[in-house]
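So the chains spell out like this:
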Amino acid sequence: MTVTTAAVEVRGLTHRYDSGRETLLALDGVNLDVGEGEFVSLVGPSGCGKTTLLRAVAGLLQPSTGSVGVLGTTPDDARARRVLGLVTQDPGLLPWRSVVANVRLPLEVTGASADVDALLRRVGIERFAGYYPRQLSGGMRQRVALARALAHGPRLLLMDEPFGALDELSREAMRVELLRLWERERISVLFVTHSIREAVLLSDRVVVMSGTPGRVVDEVPVDLGRPRTPALEETAAFAALVSRVRAGLGGQPW
Amino acid sequence: MPDATDVVDLPGLPAEQEAAPARRGGATGALGRWLGLGFAPGLAAVVLLAAWEVWVRARDVQEYLLPPPSAVAQALADEPMRYIDASRLSLTAAMGGLLIASAGAFALAVVMAHSRPLERALYPPALMLKVTPIVAIYPLFTIWFGFGIWPKMLIAALITFFPMLVNAVIGLRSVDPQAYDFMRSLDASRWQVFWRLRLPSSLPYVFAALRISVPLSLIGAVVAEFLSGTSGMGQLILIANGDFDTPALFGAVVVLAALGVTLTGAVSYLERRVLTWHESSRGV
């Protein structure tokens, strides 16, 4: 893949959380790159600073030291240019808005326009346009969150354990859905997960982090070709990559 | 703020607790609701009133001590305009005060919800207002505002101000952090966040406050009328009391209770209509 502009360029990122007497070193000198059109996963144990890193990239958190570049500019500027799409584990849909009204939210905020019906079709929720979030399953809600994150045409999709709260079957379905969607659109993705298999299946590259303080311990290029399907998970090449990521995590029980 | 949980968890009318499971049940649900809400309490009331009537007559209790329900009904039927006029004055004072307080408290809550320093600065005086026995302020109000409707309205306003303030501040702060992050990732303005996220998030708390405040506003108005003795149900009660006209006194209590129930019911109805999205999560 030829990289023109870096979608994400993190250099020497360190972040401390201060809580009165104690300080917690969440990130310690982290470097991270995501190329334009590249799908990069961050894998690591709980509390290794994955979410902190993603929030710094999203401009939702001011890191203690280090620099973060997003699409050739600062995270704050990237937010102002409305080029970020955010999907979180708890999707944070507005319960008083129907599915279609939730997906319209970013359009209202940014003043952008988009074919919302087409957007709903893209993620397979066109039949639920008039439903309210509470009437939907967890998987369906994440599809809404995905449609909402894509509505204003972002160039970088930031996903923080988007399938973490789903049951295994919904998770599988959402992986396939995301693969299908991404392989058509090729927008840059930074994907946080604690599932090794998920990371390997989806990504061009897996960045492995260790816990407290969060450091990058390995980077595993995933040379499996595209398009990918879940059948890939049965191959030896896939198993080898999973082993390598697991080794990077230091043989922690997964 | 311990008040908040008190305020929010305070039970409303039985109607809204029992109506929720029945609503989806169709014909049997409606019947069950009718039986549960109308019939059983109605029967209990009839039995109670009949027992009261019989007991008073059998024991030949003096009417000024405890009038039979029939005498109370007679008092209401004899002079309906007396009660209607008095209620109109009391209602005006109560609702006017509630309106002033709710609008003012919500506006202040918006300011406080956006600024921790301002919240810290403004909370103590608001709390002081809350713990001060409002009746003690009334003489001051008559000096400033005379004996018209204004001092009564202001008493009703003072007594309802705090529940709305506390609930509105908490409501405006109780935004889903993920939804907030999403809006921030789009560089949404404060106004957009307020209008699309904070305000709708606060509505369940605002309605909870209203359910507390509506009966409080009536209390405030009637107490103020007691103290001034110049108008409304408070005055009616004072006069009836002076005349040993106990049936009229009971009549006033019945009318005030009916007003309280009706107003609270109206708030609950409005709440159900506005908060359809919130209702189901609360109904179970």
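Worth saying up front: this structure is predicted, and the values here are computed from it rather than measured.

## So, the overall build of chain A
A tally of helices and strands in chain A yields eight helices and nine strands. Relative to the globule expectation of 18 Å for 254 residues, the C-alpha radius of gyration of chain A, 18 Å, shows essentially globular dimensions. Every one of the 254 residues in chain A was classed for burial, and the buried ones make up 56%. By sequence separation, contacts in chain A at least 24 residues apart represent 70% of the contacts at least 6 residues apart. Here chain A has roughly 10400 Å² of accessible surface; of this, 49% comes from carbon and sulfur atoms. The centroid of the 30 positive side-chain charges in chain A is displaced by 3 Å from the centroid of its 29 negative side-chain charges.

## Overview of the interface of chain A and chain B
Between chain A and chain B, the contact holds 26 residues from the first and 19 residues from the second. When chain A packs against chain B, close to 2100 Å² is buried across both sides, 60% of that on carbon and sulfur atoms. The largest per-residue losses of area from chain A upon contact with chain B belong to Arg79(A), Trp96(A) and Val109(A), which jointly make up 30% of the total buried on that side. At the boundary of chain A with chain B, the tally comes to three salt bridges. Across the salt bridge formed by Asp187(B) and Arg79(A), the nearest N and O atoms sit 3.9 Å from each other. Examining the composition of the side of chain A that touches chain B, we find that five residues originate from one element, helix 3 (residues 99-110) of chain A, more than from any other. Tallied by class, the residues present in the side of chain A that touches chain B amount to 13 nonpolar, five polar and eight charged.

## Brief notes about helix 6 (residues 168-185) of chain A
Relative to the 26 Å expected for 18 residues at 1.5 Å per residue, helix 6 of chain A spans 26 Å between its end C-alpha atoms, a close match to the ideal helical length. Just downstream of helix 6 of chain A lies Arg186(A), where phi reads positive at about 50 degrees.

## What about the pattern of salt bridges?
Residue and element names in this part refer to chain A. By the definition in use, this model includes 27 salt bridges over all chains. In this structure, the salt-bridge partner of Glu38 is Arg205, at a minimum N-O distance of 2.8 Å. Residue Glu38 is located in the loop between strand 2 (22-35) and strand 3 (39-43), and its partner Arg205 is located in strand 8 (residues 205-210); the two are separated by 167 residues in the primary sequence. By the burial criterion, Glu38 is buried, and Arg205 matches it. Ionic pairing is found between Arg143 and Glu177, a salt bridge with its closest N-O pair at 2.9 Å. Separated by 34 residues along the polypeptide, Arg143 in helix 5 (residues 138-150) and Glu177 in helix 6 bring together distant segments of the chain. Per residue, the accessibility class of Arg143 equals that of Glu177, and both read buried. It is possible to trace a salt-bridge network through shared partners that takes in Glu38, Arg205 and Glu219.

## Concerning a nonpolar patch on the surface
Residue and element names in this part refer to chain B. A cluster of nonpolar side chains, namely Ile100, Leu140, Ile143, Trp144, Phe145 and Trp150, defines an oily patch on the protein surface of about 680 Å² accessible area. When residues in the nonpolar patch are grouped by element, the largest group, four residues, is from helix 7 (residues 138-145). Looking at the element boundaries, Trp144 is found in helix 7.

## Examining the packing of aromatic side chains
Counted under the stated rule, the structure contains 13 aromatic pairs over all chains. Grouping aromatic residues by their ring pairs yields a cluster made of Phe39(A), Phe163(A), Trp182(A) and Phe191(A). Here the guanidinium or amino end of Arg148(A) rests over the ring plane of Phe182(B), the centre of that ring lying 3.8 Å away.

## As for unusual backbone geometry
A cis amide bond links Arg226(A) to the next residue, Pro227(A), at an omega of -5 degrees. Its location among the elements puts Pro227(A) in the loop between strand 9 (215-221) and helix 8 (236-248). Phi is positive for Leu71(A), which is not a glycine, with a value near 50 degrees. Within the element layout of this structure, Leu71(A) appears in the loop between strand 4 (65-70) and helix 2 (75-80). In this structure, Asp60(B) is a non-glycine residue whose phi angle is positive, near 60 degrees.

## Overview of the sheet that holds strand 1 (residues 6-19) of chain A
Residue and element names in this part refer to chain A. Taken in spatial order, the three strands of this open sheet run 2-1-4, and their pairing is antiparallel. Among the strands making up the open sheet, the edge pair consists of strand 2 and strand 4. Across the sheet, the axes of successive neighbouring strands diverge by a mean angle of 20 degrees, strand direction being ignored. One ladder, built from ten bridges, connects strand 1 with strand 2; its direction is antiparallel. Paired with Glu9 across the bridge in strand 2 is Asp33. Lying over the sheet, helix 1 (residues 50-57) contacts strand 1, strand 2 and strand 4, oriented at roughly 120 degrees with respect to strand 1.

## With respect to the confidence of the model for chain B
Residue and element names in this part refer to chain B. Considering every residue of chain B, the mean pLDDT works out to 86; 85% of them sit at 70 or more. Note on residues 1-25: pLDDT under 50 across the span, and 36 contacts to partners over four residues away in sequence or across chains. Prediction confidence for the complex, expressed as pTM and ipTM, is 0.82 and 0.92 respectively.

## Observations regarding the sheet that holds strand 8 of chain A
Residues and elements named next belong to chain A. Pairing within the open sheet is mixed, and its six strands lie in the order 5-6-7-3-8-9. Either end of the sheet is taken by a strand with one partner, and the two such strands are strand 5 (84-88) and strand 9. This sheet shows a mean twist of 15 degrees between the axes of neighbouring strands, independent of strand direction. Across five bridges, strand 5 lies against strand 6 (residues 156-160) in parallel orientation. Across the sheet, residue Val87 finds its bridge partner in strand 6, namely Met159. Where helix 1 meets the sheet, its contacts fall on strand 3, strand 5, strand 6, strand 7 (188-193) and strand 8, and the angle it forms with strand 6 comes to roughly 155 degrees.

## So, the environment of Pro75(A)
All names here are of chain A. Structurally, Pro75 is set in helix 2. Separated by 67 residues in sequence, Pro75 and Val8 have C-alpha atoms that sit 9.4 Å apart. Here Pro75 is in contact with Ala56, Val57, Ala58, Gly59, Val68, Val70 and Leu84, once residues within four sequence places are set aside.

## Some words on the side chain of Ser188(A)
Along the chain, Ser188(A) turns up in strand 7. The contact partners of Ser188(A), leaving out residues within four places of it in the chain, are Ala7(A), Val34(A), Gly35(A), Glu36(A), Gly37(A), Glu38(A), Arg155(A), Leu156(A) and Leu157(A).

## Quick notes on the environment of Ser41(A)
Residues and elements named next belong to chain A. Secondary-structure assignment places Ser41 in strand 3. Residue classification places Ser41 among the buried residues on the basis of a relative accessible area of 0%. Ser41 has contacts with Phe191, Ala199, Ser203, Arg205, Val206 and Val207, leaving out every residue within four places of it along the chain.

The rules behind these values
Residues numbered from 1 in each chain as written. Chains lettered and ligands numbered in written order. Predicted model: local features only at pLDDT ≥ 70, side-chain atom pairs only at ≥ 80, totals over all residues. Heavy atoms only, no water. Helix = DSSP H or I, 4+ residues; strand = E, 2+ residues; numbered from the N terminus. Rg over C-alpha atoms; globule rule 2.2 N^0.38 Å. Buried < 20%, exposed > 50% of the residue type's maximum accessible area, 1.4 Å probe, protein only. Contact = heavy atoms within 4.5 Å. Areas by Shrake-Rupley, 256 points an atom, 1.4 Å probe, with all protein chains shown as cover. Lys, Arg positive; Asp, Glu negative; His and termini not counted. Charge placed at Lys NZ, Arg CZ, Asp CG, Glu CD. Buried area = accessible area lost by both parts, 1.4 Å probe. Salt bridge = Lys/Arg side-chain N within 4 Å of Asp/Glu carboxyl O. Nonpolar A, V, L, I, M, F, W, Y, C, P; charged D, E, K, R; others polar. Expected span 1.5 Å × (residues − 1). Patch = residues over 30% accessible without salt bridge, like charges linked within 9 Å, V, L, I, M, F, W, Y side chains within 5 Å. Phe/Tyr/Trp six-rings, centres within 6.5 Å; stacked < 30°, edge-to-face > 60°. Lys NZ or Arg CZ within 6 Å of the ring centre and 35° of its normal. Pairing = 2+ DSSP bridges. Axes fitted to C-alpha atoms, helices over the stretch in contact; angles between N-to-C directions. pLDDT = per-residue confidence, 0-100.

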